[in-house]
Amino acid sequence: MNPQRVRKGSEPAVAPKSIQDWLLKISYGELGLLPVLAALMAVLIVFNFASPYFLTPRNLSNLTLQVGVLGVMALGMSLVLFIGEIDLSAGSVSGVCAIILVLLSSRFGIPGILAVSLAILCGAAIGGIHGKLVTAIGAPSFIVTLTGLLVWQGAQRMLVGNQIGQILINDPLVISIASTFMPFWLSLLIVASTVGYALVFCIRRWKLKQHAGTAGKLGLLGRSMLFPILAIVIFLVLSNHLGVPVLLLILAILALVLTLVTEHTPFGVHIFAVGGNAEAARRAGINVARLKLILFSSCSALAAFSGIVAVSRQYAADGNTGGGNLVLDAIAAAVIGGTSLFGGRGRIQGSLLGALVIGTVANGLDLLGQSANVKSIITGLILLGAVSVDMVARQRRIRSGAAGA
Amino acid sequence: MSAKAGADLHILEARSLSKRFGRVQALSGVDLQIHAGSVLALLGDNGAGKSTLVKIVSGVHRPDTGDLLLDGSRLNISSPRDASAAGIETVYQDLALCENLNVTQNLFLGRERRSPGNAIRRMFLDRRSMEAEAEKAFDILGTRIPSLAAPISALSGGQRQAVAIARAIVWQSRLVMFDEPTAALGVEQTENVHRLIRRLRDRGVGVLLITHNMVDVFALADRVIVLRQGRRVSEMDPRKCTPDDVVSAITGSERAGERSP
Ligand SMILES: Nc1ncnc2c1ncn2[C@@H]1O[C@H](COP(=O)(O)OP(=O)(O)OP(=O)(O)O)[C@@H](O)[C@H]1O
Ligand SMILES: [Mg+2]
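Fair warning: this is a prediction, and the values are worked out from it, not measured in the lab.

Parameters and conventions
- Residues numbered from 1 in each chain as written.
- Chains lettered and ligands numbered in written order.
- Predicted model: local features only at pLDDT ≥ 70, side-chain atom pairs only at ≥ 80, totals over all residues.
- Helix = DSSP H or I, 4+ residues; strand = E, 2+ residues; numbered from the N terminus.
- Rg over C-alpha atoms; globule rule 2.2 N^0.38 Å.
- Contact = placed C-beta atoms within 7 Å.
- Expected span 1.5 Å × (residues − 1).
- Buried ≥ 20, exposed ≤ 12 C-beta atoms within 10 Å, placed from the backbone.
- Arc of directions from axis to C-beta.
- Core = buried A, V, L, I, M, F, W, Y, C linked by C-beta atoms within 7 Å.
- Domains from an automatic or database assignment.
- Pairing = 2+ DSSP bridges.
- Axes fitted to C-alpha atoms, helices over the stretch in contact; angles between N-to-C directions.
- Parallel < 35°, antiparallel > 145°, perpendicular 65-115°, else oblique.
- Left-handed = near helix turned anticlockwise from the far one by under 90°.
- Nonpolar A, V, L, I, M, F, W, Y, C, P; charged D, E, K, R; others polar.
- Near = placed C-beta within 6 Å.
- pLDDT = per-residue confidence, 0-100.

Chemist: Looking at this structure, I do not really get the overall build of chain B. What am I missing?
Modeler: When helices and strands are counted, chain B shows 8 helices and 10 strands. At 19 Å, chain B has a C-alpha radius of gyration in line with the 18 Å of a compact globule built from 261 residues. Principal-axis analysis of the C-alpha atoms places the extent of chain B at approximately 65 × 40 × 40 Å. Here the contacts in chain B between residues at least 6 apart in sequence split such that 69% fall between residues at least 24 apart.

Right under this line is the structure:
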């Protein structure tokens, strides 16, 4: 049949937009946050039944702190994955910047705020080097950042030097990042304004009459209320322990800013355009090399910040800070959150939720007294599940396009 | 834009364009005029220099010598951005769409509209106005799209073509160049492209059509220009000649119907 039905009478050229758009997207294989939310629910339920301590305020408070380092790194990782690149060096970069921070602070007595800024700048510069190598030489980011992984890990160990074990830090600002809790009134204020903003947003949209009908309105309300409701639950639970950690607020702000940039600005559209079809983006006048440079730099800056969070949690850094499975967990978090390794697809919130899934599994298995090996296996299986869901959805996407072609 | 109003005005004029790639003289001294609301077919054998000409006008290559004039005044095009700023759009054979982005995002790629208001609001996309504009464009083309929020990957081949061409409408382009738009298409899709090109022409857009397909030429073209080895060798009126005349002009075998420039 001719796919180009010519308009008849008053039939609009574009079907009305509403909640149907959303259902349509799902049928195209654009699953959005559904899989990761389902995974999160599943692990929460499983561990709730497996351990009576799991859902206690005290443990959930711990969990939010544990997920900080991974969460920050996963946010940065998503940015390079969105353009179809990868950063295998994020762990080493976070490690070397952690050492830079403790040396600046403990050895040279540089005040916390300055030391933190310098460490993040170092991260940004390192990412700039990676980005330049990828764009100028055209080397695959896989190789460039694998090189980075080795080089920066070496640099990290050299900077630790002869000191055996850790270099301690006692700067109050650095330490407070991961060990301060917000006063009750402040968290209440933040939660209330989040809910208020979501309501105002919904009402404004309704007035625009874009979301006609009760179903459309409820659909919009449901989607806008996802994060406010999450905020309320977190607030209610954590207030029973020490309160909401400042680290959680930092993570939320970072995620919010990155979500706004990637989903609501021209630059964000360009990111996904480059991830989807770099040549088309170039012909549309987008400076692809500059965009890649910015994203590699941001990814490494966030890796550096994750190193700072790690220092703040341990009051120290050593040759292994940022090591182990961390970088692979960050990639896994993004993929579990719906980010495609082929580029051009994914969401910041997804990566954060993906990090939460991995963090929850680690925390839950700790409670059950399981070893790191078991954690590793279970995380791997969840990743496999996420990739399979994405592959099935991808097939759907390809088929839905081919059907009419 | 008033359709047909300026049918005899030329929008773009190329004066003695030449371009050399190493030892290959891809274009030598080519003159060309493209009129509003009419379709100029640019024909020639493989390697005749057609794509080179399109690439010069769209800002991919710079000519060694020669001038481009827009509405009679000199035009300096040194990048694809300059060309689109001058109202010149190119529809590539591969369409140059991002399959993961939705219809609206593709239409406005690289030239997104920002929300009106203060500096903070201007950082963000103005989705509503872009969608309204996109909707209008598809109304004009008479193409049905399932949803502006649909990713390109969910569209049929014909719908994708419409998206690529709708860019020209959204940008109110005055000149649209097609480089072999029907080369890989079946009969039905070729007809679809013809229909879309006619819609553009009827809106007063000047169309430059590169093709090897005589069906395209006789269905659409108001004038035909033939290049051979980088030189303009012939100009013909498709209403007054046969496909054989055109083919012999392309291949260079001397036959009636060929007029020297
Ligand atoms: N970037 C380039 N570098 C070197 N030579 C080139 C380049 N682009 C084109 N040429 C040469 O210039 C000549 C004209 O090429 P062009 O692509 O314009 O031909 P065409 O008319 O579009 O042919 P076709 O019908 O095969 O598409 C050819 O000999 C080609 O090899
Ligand atoms: Mg060509």
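Once you've had a look at it, read on.
Chemist: So what exactly am I meant to see when it comes to helix H4 (residues 127-141) of chain B here?
Modeler: Counting along an α-helix, one turn takes 3.6 residues, and residues three or four places apart therefore face a common direction. Residue and element names in this part refer to chain B. With 15 residues, H4 should reach 21 Å at 1.5 Å per residue; the first-to-last C-alpha distance of 21 Å fits that figure. Residues Glu131, Ala134, Ala137, Phe138 and Leu141 constitute the buried set of H4. For H4, the angular spread of the buried residues around the axis is 120°, confining them to a single face. Just downstream of H4 lies glycine 142, where phi reads positive at about 70°.

Chemist: Help me understand the nonpolar core, please; the structure alone is not making it clear to me.
Modeler: Where a protein is soluble and globular, its nonpolar side chains tend to be buried together. Met73(A), Leu101(A), Ile308(A), Ala330(A) and Leu209(B) are the most contacted members of the largest nonpolar core, which has 178 residues in total. Sorting elements by how many residues they give to this core places helix H13 (residues 288-314) of chain A first, with 14 residues. Structurally, this core is a two-domain feature, drawing no fewer than three residues from each of domain 1 (1-87 + 173-261) and domain 2 (99-171) of chain B. Residues in contact with Ile308(A), not counting those within four places in the same chain, are Ala98(A), Leu101(A), Val116(A), Ala119(A), Val174(A) and Ile177(A).

Chemist: Explain the sheet that holds strand E4 (residues 65-70) of chain B here, please?
Modeler: Sheets are built from strands paired through backbone hydrogen bonds, the pairs being either parallel or antiparallel. Residue and element names in this part refer to chain B. The 4 strands are arranged E2-E1-E4-E5 in an open sheet whose pairing can be described as antiparallel. A strand with exactly one partner marks an edge of an open sheet, and here the two such strands are strand E2 (24-35) and strand E5 (73-75). Between one strand and the next, the sheet's axes are offset by a mean angle of 30°, whatever the strand orientation. Note: strand E1 (residues 10-21) against E2, 8 bridges, orientation antiparallel. In the sheet register, glutamate 13 faces E2, and the bridge partner there is glutamine 33.

Chemist: Any chance you could explain the packing of H4(B) against helix H5 (residues 157-170) of chain B here in plain terms?
Modeler: Angle between the axes and distance between the axes are the two parameters that describe a pair of packed helices. Residue and element names in this part refer to chain B. One way to put it is that H4 packs onto H5 with a least axis distance of 9 Å and a crossing angle of 110°. The pairing of H4 with H5 is recorded here as roughly perpendicular in orientation. Where H4 crosses over H5, the two elements pack in a sense that is right-handed. Only Ala162, Ile165, Ala166, Ile169 and Val170 of H5 make contact with H4, whose side of the interface consists of Glu133, Ala134, Ala137, Phe138, Ile140 and Leu141. A breakdown of the residues in the contact of H4 with H5 according to their chemical character gives 10 nonpolar, no polar and 1 charged.

Chemist: In this structure, what is going on with the domain arrangement of chain B? I would like to understand it.
Modeler: Interface size is often expressed as the accessible area that is lost when the parts come together. Looking at the assigned domains, one finds that chain B contains domain 1 (1-87 + 173-261) and domain 2 (99-171). By residue class, the composition of the side of domain 1 of chain B that touches domain 2 of chain B is 5 nonpolar, 4 polar and 1 charged.

Chemist: Would you take a moment to explain the site of ligand 1 for this structure?
Modeler: Residue and element names in this part refer to chain B. Taken together, Phe21, Val24, Ala26, Gly44, Asn46, Gly47, Ala48, Gly49, Lys50, Ser51 and Thr52 make up all the residues around ligand 1. For the shell around ligand 1, the elements supplying multiple residues, two or more each, are E2 and helix H1 (50-57). Per-element tally for the shell around ligand 1: the top contributor is H1, with 3 residues. Split by residue class, the shell around ligand 1 holds 4 nonpolar, 6 polar and 1 charged.

Chemist: Any chance you could explain the pairing of strand E10 (residues 231-236) of chain B here in plain terms?
Modeler: Walk down a regular strand and you will see the side chains alternate between the two sheet faces. All names here are of chain B. Summarising the sheet, strand E9 (residues 223-228) and E10 pair through 5 bridges and their orientation is antiparallel. The residue of E10 that forms the bridge with valine 226 is serine 234. The turn linking E9 back onto E10 is made up of 2 residues, and glutamine 229 within it adopts a positive phi angle of 45°.

Chemist: Would you explain the sheet that holds E10(B) in this entry?
Modeler: Residues and elements named next belong to chain B. Pairing in this open sheet of 6 strands is mixed, and the strands run E6-E7-E8-E3-E9-E10 from one edge to the other. In the strand order of this sheet, the two ends are held by strand E6 (88-91) and E10, each with one partner. Along the sheet, successive strands turn relative to each other by an average axial angle of 20°, direction set aside. Pairing analysis gives 4 bridges linking E6 to strand E7 (residues 175-179), with the strands arranged parallel. By the bridge assignment for E7, threonine 90 is matched with methionine 177.

Chemist: Explanation requested: the packing of helix H5 (residues 112-137) of chain A against H13(A) in the structure shown.
Modeler: Residue and element names in this part refer to chain A. The geometry of H5 relative to H13 is characterised by a closest axis approach of 7 Å and an angle of 145° between their N-to-C directions. Crossing geometry of H5 relative to H13 is assigned as right-handed. Per-class residue counts for the contact of H5 with H13 are 16 nonpolar, 9 polar and 2 charged.

Chemist: Before we go on, may I ask you to explain the environment of Ala303(A) in this structure?
Modeler: Residue and element names in this part refer to chain A. The residue alanine 303 is located in helix H13 in this model. Overall, the presence of 35 C-beta atoms within 10 Å leaves alanine 303 in the buried class. Through-space distance from the C-alpha of alanine 303 to that of leucine 34 is 27 Å; in sequence the pair is 269 residues apart. Beyond its immediate chain neighbours, meaning those up to four positions away, alanine 303 contacts Met73, Gly76, Ala90, Val93, Ser94 and Gly123.

Chemist: So what exactly am I meant to see when it comes to unusual backbone geometry here?
Modeler: Apart from glycine, the bulk of residues carry a negative phi angle, and the bulk of peptide bonds sit in the trans form. Residue and element names in this part refer to chain B. Phi angles above zero are rare outside glycine, and glutamate 180 is one such case at about 50°. Topologically, glutamate 180 is positioned in the loop between E7 and helix H6 (187-202). With a phi angle near 45°, glutamine 229 is a residue other than glycine that sits in the positive phi range. Among the secondary structure elements, glutamine 229 is positioned in the loop between E9 and E10.

Chemist: How do you make sense of the environment of Leu326(A) when you look at a structure like this?
Modeler: All names here are of chain A. Along the chain, the position of leucine 326 falls in helix H14 (residues 326-336). A tally of 23 C-beta atoms within 10 Å means that leucine 326 is categorised as buried. Considering only alpha carbons, one finds leucine 326 and leucine 70, 256 residues apart in sequence, at a separation of 6.8 Å. Apart from the residues lying within four places of it in its own chain, the contact partners of leucine 326 are Leu70, Met73 and Gly91.

Chemist: What is the right way to look at the confidence of the model for chain A in this model?
Modeler: Overall, the prediction assigns chain A a mean pLDDT of 87, with 89% of residues at 70 or greater. A low-confidence stretch, residues 1-10 of chain A (pLDDT under 50), is modelled with 13 contacts involving residues beyond four sequence positions or located in other chains.

Chemist: Is there a simple way to explain helix H3 (residues 57-82) of chain A in this structure?
Modeler: All names here are of chain A. Over its 26 residues, H3 extends 35 Å from the first C-alpha to the last, a length consistent with the 38 Å expected when each residue adds 1.5 Å. In terms of residue burial, H3 counts as a mostly covered element, since 19 of its 26 residues are buried. Immediately beyond the C-terminal end of H3, within one or two residues, lies glycine 84, with a positive phi of roughly 75°.

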